[in-house]
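# Structural description and commentary
Listed here are the chains, written in short residue letters.
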Amino acid sequence: MRALFDWFEERTGLAAFFRDLFFHAVPGGPGWRRVWGTLVLFALFSQCVTGLALWLYYVPGVVSSWESVHFIQTKVAGGWLVRGLHHYVAQVMVVLLVLHLLQLVIGGLYRAPREIGFWLSVVMTGVVLATCFTGYILPWDRRGFMASQVSSGLMANGPFVGPWIRELFLGGVQPGQATLQRVMVLHSGVLPGVIIGLIVMQTLVFRRAVRHERRRGEGTAVPAGTGLEEAGLPVTAWFPGQAWRDAAACAAFLSAMMVITVVAGGAPLEAPADVSVADPSARPEWYFLFLFRLLHLEIFAGSRQFIPAMVLPGAAFGFLILMPFLARWKFGHRVNVFAACAGVAGYSLLTAWTWVHDWRDPGQRAAMVQAKKEAARAHTLAVKLDGLPPGGMAAVLAGDAYTQGPRLFAQKCASCHAYDGHNGQGRPLATPASAADLAGFGSRQWLSEFLDPAHLVTPKYWGETGFVKPSEGEKVSKMVTFVTEDVAGYSAVEKSHLEKVVWALSAEAGLPAQAAVDARDATLIAEGRRLLGEEGLACTDCHAWREETGGRPVLDGWGSRQWMIDFIHDPAHDRFYGSRNDRMPSYGVKGELTPDQIGMIVDWLRGDAP
Amino acid sequence: MRAEDDTAGPGPERMELGAGVAPTDDEATRRQFLQKVACLGLGGCALLGPVVAGAVVVAHPLVERRGSGLLVRLAGLEDLPVGGAPQLYQVLAEPSEAWLKFSRRAIGSVFLMRTGEREVSAFNSACPHVSGPITWREETRDFFCPLHESRFAADGVRLGTASPSPRDLDALDVELRGAEVWVRFQNFTPNMAQKKPA
């Protein structure tokens, strides 16, 4: 046995390597503030393990990235946990590395002969940031897509070769399939390889630097500020005195990451990328928010965008690299410490500024709520479908009324109509509404308010339309006079008739949300239908209803899916407003909306979307 | 990325265990022992954490639900003469895989053979050995797999002294609905003595 061990050891030196690793001396004895390096190593180890596990399921591609991540998140055993760990550990690693750099600068641990080790740490922080950046493009959700689009756009603003760099990064002229493949190669191949190489170099360089120092200083007379002041104190081995502290720190770190992941319910996944949507809520990950803010400063507008995007980070990087040389000057170290603190303070300030700015902007808040809604919708649909077409989730959402309805409403309808006071997507209308608010259209409440003299003439209903404010040569609509004069003078009996008529008409709409109530009130609804005629409120004097034809708008099937589709197709049709149509365009006739699109608007308004 | 100030030179004079700690001190020895236990316990937990989580993800296929088969109408009784040769039918379906649901396509094929007036036997056409494509040989009246020459009788039983196949042909459940032949199509794990649904 011994012979075998010696044979092996002679050829590999592994035992000596591990002895060296475990029993290398810790000057000044063990301490909690020395757990830093091990913690970063442990975080990298965790990232490699969880990353490899995710790699088994993740498929880069415009029709598979979001889908495979959603699959990991919802179907793969433990997938959400592993993805969550990967996500949150990455974020914390950024913090660890930045604080580590700060520690190096403040502690003076960047000065001769440790310059190269310090440079390696600086480069490492940059490479880890690049790994994080490529990592959040990969799910190809809104954020990932916007990140690729915005970052590549900034690249194009760079001097001379900028546009080429952009296309090299994208693998084409637009973010897409090739981009994801390239980003994947960077994220899981090139960058981790570089990080491992940096760690190896750093270990070698530091050991050499320390050994060199100790030889020169003969144990005690080491230069001040190199962290070896304690060299005169007892020296103990890394194992177990320091090792158990390192182990405890790693265990605590992992536990904290697990708790964060569980509490947050795993890493977020936004709605799938959609080229056609310019999502105003899109923000980079928090550690790049300072760049986002800088880009918004007026002095960097236009062709000077490359200054915050490239020159400033480049300058900061360059300054860090030059710090060891600057330190040779009498006040150099103090300048460096000041600059580092100022840098971190500025970074924090810009980050906080963005948060506060977004929080105080109602438009941004609404956009974030809308983005959350769309993400939730994509998730719900994907779970419900239990299997997506090869065209991916984006194809499914393109035909989804719940997703497209509000979007189309905001584009086509919200120039006049509001939806519950907003534009369908939670934001205020660009110009005040000039037609009825369509939230709850067809419901009993909508209709009873419409037929209420107190409500009809308000801007929420017809207050701003040509029916109430007719143009030159027109009269106020007969419907308006009916409500403001006849209905206003109704007796108690007539009012109860009106209520039944409202129920009957609302039942014509057949709203899914009202199905149970409509079924319950079948008798009263039948009564209401009768009261629509001469023996009741005589709606049929003007409106077509059952056998009484000719009047308009037609009340048969009022508010039903088909009625609404036909109406949006051509409101000026004889069945609807005819020549009395106010300003509503005939969307279908003019081809401004396809039948599918009209259907999606209607389904969304009625709450028909599955 | 070793911490910046804990990397004193691994000179040979510092290689021995616990340098600087008086080894005769009982208290120190006890403390060292506890530290070693903490090292193993906490360090083990920390290292195993991501590894175990990752291993669960890797092992996901083992806990994936297994199909209970797909009931499909394959033929009409009139297509299958009593005692006639087994006929091969393609099974069309919309298969799901991971997050994907594909459009209608062939997912396998089945031999149907009418053994009586209202009796039909059905075999999955994949060889139970390593899923080779079984064919029916009319001249020898047996099922034959060209990959490793497994042979099966018309009733699916293995032929020959040392069949490469560990089990007889995989019979499938048949349901006759009037004149329609419905089969519960299913694949089974190859190269096992038992029929384990795949």
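Residues numbered from 1 in each chain as written. Chains lettered and ligands numbered in written order. Predicted model: local features only at pLDDT ≥ 70, side-chain atom pairs only at ≥ 80, totals over all residues.

## A closer look at the overall build of chain B
Just so we agree on the cut-off: We count a stretch as a helix when DSSP gives it H or I for four or more residues in a row; a strand needs E for two or more, and each element gets its number in order from the N terminus. Any residue whose C-beta has 12 or fewer other C-beta atoms within 10 Å is treated as exposed, any with 20 or more as buried, and any in between as partly exposed, C-beta atoms being built from the backbone. Contact definition: two residues whose C-beta atoms, as placed from backbone geometry, lie within 7 Å.
A count of helices and strands for chain B gives 2 helices and 13 strands. Relative to its 198 residues, chain B shows a buried fraction of 26%. Within chain B, residue pairs in contact and separated by at least 24 positions form 46% of the contacts whose partners lie at least 6 positions apart.

## Notes on the sheet that holds strand S7 (residues 135-137) of chain B
All names here are of chain B. How we decide: Strand pairing is assigned whenever DSSP detects at least two bridges linking the two strands.
The sheet built from 4 strands is open, its strands ordered S7-S8-S9-S10 with antiparallel pairing. Unpaired on one side and paired on the other, S7 and strand S10 (158-159) mark the two borders of the sheet. Note that S7 and strand S8 (residues 142-144) share 3 bridges and pair antiparallel. Within S8, the residue paired with Trp136 across the bridge is Phe143.

## Details of the pairing of strand S13 (residues 180-185) of chain B
In summary, the side chains of a regular strand alternate between the two faces of the sheet. Residues and elements named next belong to chain B. Because side chains alternate across S13, one face comprises the buried residues Val181, Val183 and Phe185, and the other comprises Glu180, Trp182 and Arg184, none of which is buried. Direction of pairing for strand S1 (residues 70-76) relative to S13: antiparallel, over a ladder of 6 bridges. Residue pairing in the sheet places Arg73 in a bridge with Trp182 of S13. Two elements, strand S12 (residues 174-177) and S13, share 4 bridges in a ladder whose sense is antiparallel.

## Some thoughts on the domain arrangement of chain A
All names here are of chain A. Just so we agree on the cut-off: Here the limits of each domain have been adopted from an automatic or database domain assignment.
When the domains of chain A are assigned, the result is domain 1 (38-271) and domain 2 (286-360). A C-alpha centroid distance of 20 Å is found between domain 1 and domain 2. Listed per partner, the contact involves 17 residues of domain 1 and 17 residues of domain 2. At the level of secondary structure, the elements contributing two or more residues to the side of domain 1 that touches domain 2 comprise helix H5 (79-106) and helix H6 (115-137).

## Quick notes on the nonpolar core
Rules: Note on definitions: a nonpolar core is a set of buried residues drawn from Ala, Val, Leu, Ile, Met, Phe, Trp, Tyr and Cys, linked by C-beta atoms within 7 Å.
Residues A:Leu39, A:Ala247 and A:Cys250 are the most contacted members of the largest nonpolar core, which totals 81 residues. By residue number, the principal contributor to this core is H5(A), which donates 11 residues. Discounting chain neighbours no more than four positions away, the residues touching A:Cys250 are A:Thr38, A:Leu39, A:Phe42, B:Gly43 and B:Ala46. Ranked by size, the runner-up nonpolar core spans 52 residues in total, among them A:Cys413, A:Leu451, A:Phe467 and A:Leu593.

## Let's talk about the packing of H5(A) against H6(A)
All names here are of chain A. How we decide: Fitted lines through C-alpha atoms give the axes, limited to the stretch in contact for helices. The angle between two N-to-C directions lies from 0 to 180 degrees. The cut-offs work like this: below 35 degrees is roughly parallel, past 145 is roughly antiparallel, 65 to 115 is roughly perpendicular, and the gaps in between are oblique. Crossing handedness: left-handed means the near helix sits turned counterclockwise from the far one by under a right angle, and right-handed means the same turn made clockwise. All residues other than Ala, Val, Leu, Ile, Met, Phe, Trp, Tyr, Cys, Pro, Asp, Glu, Lys and Arg, Gly among them, are scored as polar; the first ten of these are nonpolar and the last four charged.
Relative to each other, H5 and H6 sit at 160°, their axes nearing to 10 Å. The angle between H5 and H6 falls in the class roughly antiparallel. Of the two possible hands of crossing, H5 and H6 adopt the one that is left-handed. Between H5, through Ala90, Met93, Val94, Leu97, Val98, His100, Leu101 and Leu104, and H6, the contact on the second element is made entirely by Phe118, Ser121, Val122, Met124, Thr125, Val128, Leu129, Cys132 and Gly135. Of the residues belonging to the contact of H5 with H6, the class tally is 13 nonpolar, 4 polar and no charged.

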